[in-house]
Amino acid sequence: MMLNWMRANLFSSWGNSLLTLISLWLVWVIGSGIVEWALIDAIFTGDNREACLVPGAGACWPYVGAKWNQFIYGRYPLESQWRVDLIFAMGAGALIPSMIEGMRGRRWFVLFLLLPFPVITYVLLTGGMFGLAEISSDLWGGLVVTLIVAVTGIVASLPLGILLALGRQSDLPLIKAICVVFIEFWRGVPLITVLFMASVMLPLFLPDGVVIDKLLRCLIGVALFSSAYMAEVVRGGLQALPKGQTEGAQALGLSYWQSMRLIILPQALRLVIPGIVNTFIGLFKDTTLVLIIGLFDLLGIIQLTFTDAGWSTPQTHNTGYVVAAFIFWIFCFAMSRYSQRMEKRLDVTGER
Amino acid sequence: MTTPMVQIKNMHKYYGDFHVLRGIDLDVAQGERIVICGPSGSGKSTLIRCLNRLEVHQKGDITVDGITLNDDVKNIDEVRREVGMVFQHFNLFPHLTILENCTLAPIFVRHMPKKDAEERAMEYLTRVRIPDQAHKYPGELSGGQQQRVAIARALCMMPKLMLFDEPTSALDPEMIKEVLEVMVELAEDGMTMLCVTHEMGFARQVADRVIFMDEGEIVEMAPPVEFFDNPRSERTKAFLGQIM
Ligand SMILES: Nc1ncnc2c1ncn2[C@@H]1O[C@H](COP(=O)(O)OP(=O)(O)O)[C@@H](O)[C@H]1O
Ligand SMILES: [Mg+2]
């Protein structure tokens with residue numbers, strides 16, 4: 001069995017055998033290096049840098065343990081961190097059932113996530129109401145900021161992007177022009193520039209006395225930026241549909257919005273799920289750029305901890321970056337897998 | 001005397017500079033069946049697509065069931081509710097089941113309760129002889145079956161007028177008959193029909209009048225017997241000679 005499979009798939013020809021062997025060798029070299037660094041030579045216990053100063057030491061895991069709280073919460077006060085935990089718990093508690101097909105009450109979980117949840121999150125995180133201590137967004141950081149920026153961007157960019165894509169195809173010249181200019185403007189400038197403008201230039205244009213929170217400005221910038229990308233992805237899907245679909249809907253008497261909602265968008269969005277998720281993943285990783293304007297996302301916080309002399313060792317940087325990469329990878333991989341499952345599930349229509 | 005279902009007066013249509021329809025005059029009485037034929041590119045599709053405003057005409061008047069077609073969106077919506085259309089390529093919605101295809105417009109346009117809409121849909125699916133396919137998706141059906149669904153879907157809106165744009169020309173020969181049968185039955189039930197087709201047997205059997213179009217004009221219009229046995233225009237003769 002096994003031998004047959006190997007012969008058919010790995011060693012079917014002289015060239016294939018060579019490729020198999022080279023691949024195996026590469027996997028071995030890289031894999032063993034990683035295992036050696038992360039496990040065999042790694043330091044697992046210790047209270048400060050001394051532990052990790054052993055010559056030839058691998059990853060410095062006690063450093064991660066000591067700084068983990070900062071990785072997640074940034075400088076959010078310890079005694080108030082339960083609020084963040086509560087948000088995480090609510091978010092996960094609603095997200096998981098809302099992603100399971102055929103789950104009872106699924107739409108209520110989705111509705112909860114879209115409407116009350118952001119408000120609850122805002123109230124809990126900022127405080128200053130209901131007897132909660134006010135906590136300035138300057139203190140937020142770590143994974144919390146990464147998730148806030150990414151999730152806001154993701155949730156805002158899809159509906160905005162759809163509207164922009166529809167507007168770009170509109171018969172009304174003014175709406176069309178506005179959408180084209182908007183999309184091309186935001187696609188034409190780098191995100192860093194957008195963030196700089198949001199943090200440095202925008203306040204100059206605002207009337208005196210009006211102060212908008214830096215994080216909020218950044219969120220708006222990211223949402224508008226990613227919605228322009230999303231618009232183009234969605235447009236690709238709209239253009240891929242045959243004209244007959246719109247005509248079929250029109251001939252039945254459906255209004256423009258009905259035909260979009262019931263006929264065109266469900267098909268168009270399904271076609272571009274890979275592109276949509278690609279944009280989401282790109283956005284998730286681009287959140288690291290907020291460091292430029294002095295917001296400390298996960299990566300920013302990790303880099304900040306490098307400056308702590310108490311944990312400065314030759315392996316601190318490596319370990320920190322690996323942790324950052326791993327956390328980002330988990331989120332992006334999860335998005336990618338979920339989108340693949342969704343594509344498969346939605347592809348049962350018998351279209352051939 | 002009842003008003004005609006369709007009144008077209010000196011109607012012109014342009015695509016940019018291209019003069020597609022050049023002065024069409026046509027009245028269709030209630031219950032009348034009209035077959036339109038003519039060479040490809042003569043404007044047959046454009047003509048019937050003007051009747052539910054899938055295309056906009058530039059000159060002249062079109063009245064459908066007493067409603068004048070102009071820029072007034074309310075009129076357009078009203079006409080589209082009363083006019084069913086069957087396309088050459090079916091234009092079913094592939095992401096919805098057959099049943100959902102049929103109930104969509106009654107539910108969202110006519111605001112029918114879902115149960116009633118489904119009952120009605122099953123009734124029409126039975127009439128086009130595919131009630132057992134109701135829960136499949138369009139992609140799982142043959143072309144002939146899909147076209148019969150498309151007819152049922154249009155009928156579910158209880159239209160007063162049905163437009164057919166070459167409903168059998170994208171079908172394999174063995175499926176043409178099943179679709180034509182459904183259309184003949186519909187004609188026998190008294191539906192007002194405007195049908196672009198080159199199925200001359202169908203035209204002889206059900207049409208009250210046959211229209212020959214060429215280069216954006218109605219060249220000849222006559223009852224089928226006269227039209228086929230005694231065409232007056234040379235162009236009609238040449239065309240009939242080619243297709244028969
Ligand atoms: N959207 C369009 N834009 C420009 N020209 C068109 C368009 N649709 C059709 N035409 C042209 O109008 C003429 C009539 O088309 P059509 O009504 O589809 O003819 P038929 O149905 O009789 O074959 C053809 O010459 C065709 O090329
Ligand atoms: Mg045609």
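Read on for an overview of the structure. The model shown is predicted, which means the values in this text are computed figures rather than measured ones.

**Observations regarding the overall build of chain B**
Looking only at helices and strands, chain B features nine helices and 10 strands. Relative to the 2.2 N^0.38 estimate, which gives 18 Å for 244 residues, the radius of gyration of chain B is 18 Å and therefore close to what a compact globule would have. Across its three principal directions, the C-alpha atoms of chain B cover 50 × 45 × 40 Å. Across the 244 residues in chain B, those meeting the buried criterion constitute 58%. For chain B, long-range pairs separated by at least 24 residues make up 65% of all intrachain contacts whose partners lie at least 6 apart in sequence. Accessible area for chain B stands at about 10500 Å²; split by element, carbon and sulfur atoms hold 47% of it.

**Here we look at the overall build of chain A**
Helix and strand counts for chain A come out as 15 helices and zero strands. Projecting the C-alpha coordinates of chain A onto the three principal axes gives extents of approximately 75 × 75 × 45 Å. Taking all 352 residues of chain A together, 41% fall into the buried category. At a minimum sequence separation of 6, the contacts of chain A that also span at least 24 residues come to 68%.

**Some points on the environment of Ile62(B)**
Residues and elements named next belong to chain B. On the secondary structure map, Ile62 appears in strand 4 (residues 59-64). Taking C-alpha positions, Ile62 is 6.5 Å from Lys9, a pair spaced 53 residues apart along the chain. With residues up to four places along the chain from it excluded, the contact list for Ile62 reads Gln7, Ile8, Met11, Cys50, Leu51, His57, Ile67, Thr68 and Leu69.

**Quick notes on the interface of chain A and chain B**
Contacts between chain A and chain B engage 22 residues on the former and 22 residues on the latter. Run the count over chain A and chain B and you get one salt bridge. As a salt-bridge pair, Glu247(A) and Arg49(B) come within 2.8 Å of each other at their nearest N and O atoms. Here chain A and chain B share six residue pairs in polar contact (both at pLDDT 80 or more) between them. Mapped by element, the contributors of at least two residues to the side of chain A that touches chain B are helix 11 (243-251) and helix 12 (256-271) of chain A.

**Concerning the sheet that holds strand 1 (residues 6-15) of chain B**
Residue and element names in this part refer to chain B. Overall, antiparallel pairing links the four strands, which are arranged 2-1-4-5 in an open sheet. Strands at the two margins of the open sheet, each flanked by one partner only, are strand 2 (18-28) and strand 5 (67-68). Two elements, strand 1 and strand 4, share five bridges in a ladder whose sense is antiparallel. Paired with Gln7 across the strands is Thr63, a residue of strand 4.

**Looking at the site of ligand 1**
Residues and elements named next belong to chain B. Close to ligand 1 lie Tyr15, Phe18, Val20, Pro39, Ser40, Gly41, Ser42, Gly43, Lys44, Ser45 and Thr46. Note that an oxygen atom of ligand 1 is positioned 3.2 Å from one of the backbone N or O atoms of Ser42. Within the contact set of ligand 1, an oxygen atom lies 2.8 Å away from a side-chain nitrogen or oxygen of Lys44. Surface burial for ligand 1 is 60%, taken as the share of its 560 Å² of free accessible area covered by protein chains.

**Quick look at the nonpolar core**
Buried together is how nonpolar side chains tend to be arranged in soluble globular proteins. Counting 88 residues, the largest nonpolar core has Tyr63(A), Phe71(A), Trp140(A), Leu238(A), Ile263(A) and Ile302(A) as the members making the most contacts within it. Element by element, the count of residues in this core is highest for helix 7 (residues 143-168) of chain A, at 12 residues. Ignoring sequence-local partners within four residues, the contact set of Tyr63(A) consists of Phe71(A), Ile302(A), Thr305(A), Phe306(A), Trp311(A), Thr316(A), Thr319(A) and Gly320(A). Val86(B), Phe90(B), Val206(B) and Phe212(B) belong to the second-largest nonpolar core, a separate cluster that totals 49 residues.

**Some points on the pairing of strand 9 (residues 209-214) of chain B**
All names here are of chain B. The buried fraction of strand 9 is high, at six of six residues. With burial as the criterion, each face of strand 9 is covered, one bearing Arg209, Ile211 and Met213 and the other bearing Val210, Phe212 and Asp214. Two strands pair when backbone bridges link them, and strand 3 (residues 33-37) and strand 9 are joined in this way by four bridges, in the parallel orientation. Bridge pairing in strand 9 places Ile34 opposite Arg209. With five bridges joining them, strand 9 and strand 10 (residues 217-222) adopt antiparallel strand pairing. Considered in strand 10, the bridge of Val210 is made with Ala222. Between the antiparallel neighbours strand 9 and strand 10 lie two residues, among them Glu215 with a positive phi of about 50°.

**Topic: the packing of aromatic side chains**
Per the counting criterion, the structure on display carries 14 aromatic pairs over all chains. Taking 5.3 Å as the distance between ring centres and 75° as the angle between the ring planes, the aromatic pair formed by Phe306(A) and Tyr321(A) counts as edge-to-face. Taken as a pair, Phe306(A) in the loop between helix 14 (298-305) and helix 15 (316-346) and Tyr321(A) in helix 15 lie far apart in primary sequence, 15 residues in all. Take Phe306(A): its relative accessible area is 11%, and that puts it in the buried class. Taking relative accessible area as the criterion, Tyr321(A) reaches 35% and is therefore assigned partly exposed. Considering the side-chain rings of Phe326(A) and Trp329(A), the 6.2 Å spacing of their centres and the 20° angle between planes classify their relative orientation as stacked. Remark: Trp329(A) and Phe326(A) occur in helix 15; sequence separation between them is three residues, near one turn of the helix. In textbook terms, an aromatic cluster arises when at least three aromatic residues are bridged by ring pairs, as seen for Phe182(A), Phe185(A) and Trp186(A). Lying over the aromatic face of Phe93(B), Arg153(B) brings its terminal NZ or CZ to 4.5 Å of the ring centre.

**Focus: the sheet that holds strand 9 of chain B**
Residue and element names in this part refer to chain B. With mixed pairing, the six strands of this open sheet are ordered in space as 6-7-8-3-9-10. Of all strands in the sheet, those with a lone pairing partner are strand 6 (83-86) and strand 10, marking the two edges. Averaged over all pairs of adjacent strands, the angle between strand axes in this sheet comes to 20°, irrespective of strand direction. Running at roughly 145° to strand 8 (residues 192-196), helix 6 (residues 173-188) makes contact with strand 3, strand 7 (161-165) and strand 8 of the sheet.

**So, the pattern of salt bridges**
Residue and element names in this part refer to chain A. Throughout the structure, instances matching the rule amount to 25 salt bridges over all chains. Put simply, Lys243 and Glu247 hold a salt bridge, and the shortest N to O gap is 3.4 Å. Separated by four residues within a single helix, Lys243 and Glu247 lie in helix 11, roughly one turn from each other. When its relative accessible area of 11% is taken as the criterion, Glu247 is described as buried.

**Things to note about a nonpolar patch on the surface**
On the surface, a nonpolar cluster with roughly 1100 Å² of combined accessible area is contributed by Trp14(A), Leu18(A), Ile22(A), Trp25(A), Leu26(A), Trp28(A), Val29(A), Ile30(A) and Ile34(A). The topology assignment puts Trp28(A) in helix 2 (residues 14-40).

Scoring rules and cut-offs
Once a new chain begins, its residue numbering starts again from 1 and follows that chain's sequence as written. As a convention, the first chain written is A and the first ligand written is 1, with the rest following in written order. With the structure being a predicted model, the display of local features is reserved for residues of pLDDT at least 70 and the display and counting of side-chain atom pairs for 80 or more, all residues being used for whole-chain, interface and lining totals. Note that water and hydrogens are dropped before the side-chain values are worked out from all heavy atoms of the structure. In DSSP terms, a helix is any run of H or I states spanning at least four residues, a strand is any run of E spanning at least two, and both are numbered starting from the N terminus. Based on C-alpha atoms, the radius of gyration is set beside the globule rule, defined as 2.2 Å times the residue count to the power 0.38. Accessible area is worked out with a 1.4 Å probe on protein chains only. A residue is then buried under 20% of its type maximum, exposed over 50%, and partly exposed in between. It only takes one pair of heavy atoms within 4.5 Å for two residues to be counted as in contact. Methods summary: accessible areas were calculated by the Shrake-Rupley approach with a probe of 1.4 Å, and residue burial reflects only the protein chains presented. By salt bridge we mean one thing: a side-chain nitrogen of Lys or Arg within 4 Å of a carboxyl oxygen of Asp or Glu. Polar contact criterion, stated in full: a pair of N or O atoms within 3.5 Å, where within protein one must be able to donate a hydrogen and the other to accept it, and residues adjacent in sequence count only if both atoms are side-chain atoms. When DSSP locates at least two bridges between a pair of strands, those strands are taken to pair. We call a residue near a molecule or strand whenever a single non-hydrogen atom of that residue lies within 4 Å of it. Residues belong to a common nonpolar core when they are buried Ala, Val, Leu, Ile, Met, Phe, Trp, Tyr or Cys residues joined through side-chain atoms within 4.5 Å. For Phe, Tyr and Trp, where Trp contributes only its six-membered ring, two rings pair if their centres lie within 6.5 Å, and the inter-plane angle classes them as stacked under 30 degrees, edge-to-face over 60, or tilted in between. Whether a charge sits over a ring comes down to the Lys NZ or Arg CZ being within 6 Å of the ring centre and within 35 degrees of the ring normal. Every axis corresponds to a line fitted to the C-alpha atoms, with the helix fit spanning only the stretch in contact, and the corresponding angles, defined between N-to-C directions, vary from 0 to 180 degrees. Patch membership is restricted to residues that have no salt bridge and whose relative accessible area is over 30%. Joining uses 9 Å for like charges and 5 Å for the nonpolar side chains Val, Leu, Ile, Met, Phe, Trp and Tyr.

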